[in-house]
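The chain contents come next:
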Amino acid sequence: MVLRQLSALDPGANSTGGAGVKCGPGSWHSDFGCIETYKVDSQIFTTMVVSGVAGALCLTAFCILQPYISVYRGRLWSPQVAIKPPVYTGPGFGKYIYWLWVTVSLKERELLATAGMDALVFERLIVFGLQLMVPLAVVSCALLIPIHATSTYLATTDHPISRSNLMILTMSNMQPKTGILW
């Protein structure tokens, strides 16, 4: 949300939200000013690109630095660990991404023996989250995107957001007080 603190207490006093959008009814907040949740395509694409690049840089840094940081190698060197995690001994690029293959391919008993209970619980939590959220996301997208895309509310308004290609896929494209969603 774009929050803008305005000095005027009058909600109709030329208040604007993000991207110069006039503050509409119901979007004025007494503490924060104009709260406008509409986004234009360029804002969404810019966020996706910046997040993707930052994520790729972090993953690359981890893959390169992981073999050289002792925190990630503690279970290999600790004398208390009876069953050591598998180690990549081959040449080349494999040493940077071997951890990923080991993480995905280890069975629960092997993970418990080599990495401990905390790693097993964390792995099970991630798997549970994926098993719960992926089907919900697929069903929700399969149902809601066609409903939103076939609605024509934004096309009938003169709101600047009506020119957004991505906003037609959201609830913003639904006619207010429509009975289709409730």
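Preceding this section is the structure that the text describes.
Procedures and definitions
Residues numbered from 1 in each chain as written. Predicted model: local features only at pLDDT ≥ 70, side-chain atom pairs only at ≥ 80, totals over all residues. Heavy atoms only, no water. Helix = DSSP H or I, 4+ residues; strand = E, 2+ residues; numbered from the N terminus. Buried < 20%, exposed > 50% of the residue type's maximum accessible area, 1.4 Å probe, protein only. Contact = heavy atoms within 4.5 Å. Areas by Shrake-Rupley, 256 points an atom, 1.4 Å probe, with all protein chains shown as cover. Polar contact = N/O pair within 3.5 Å; in protein donor to acceptor, adjacent residues only side chain to side chain. Expected span 1.5 Å × (residues − 1). Bend = angle between axes of the 7 residues up to and from the residue.

Caption draft 1: View of the overall build of the protein chain. Helix and strand counts for the protein chain stand at five helices and three strands. Within the protein chain, the fraction of its 182 residues that count as buried is 17%. Relative to all contacts within the protein chain whose residues are 6 or more apart in sequence, the contacts with residues 24 or more apart total 42%. Only carbon and sulfur atoms are counted for the fraction: they give 69% of the accessible area of the protein chain, which is about 13,100 Å².

Caption draft 2: Summary view of the environment of Thr 60. Structurally, Thr 60 is set in helix H1 (residues 41-65). Look at Thr 60 and you get partly exposed, because its relative accessible area is 42%. Along the primary structure Thr 60 and Tyr 96 are separated by 36 residues, whereas in three dimensions their C-alpha atoms are 8.9 Å apart. Within the structure, the side chain of Thr 60 is placed 2.7 Å from the backbone oxygen of Ala 56, a separation counted as a polar contact.

Caption draft 3: Here's a closer look at helix H5 (residues 117-150). The first and last C-alpha atoms of H5 sit 49 Å apart over 34 residues, in line with the 50 Å expected at 1.5 Å per residue. Maximum bend of H5: about 25°, positioned at Cys 141.

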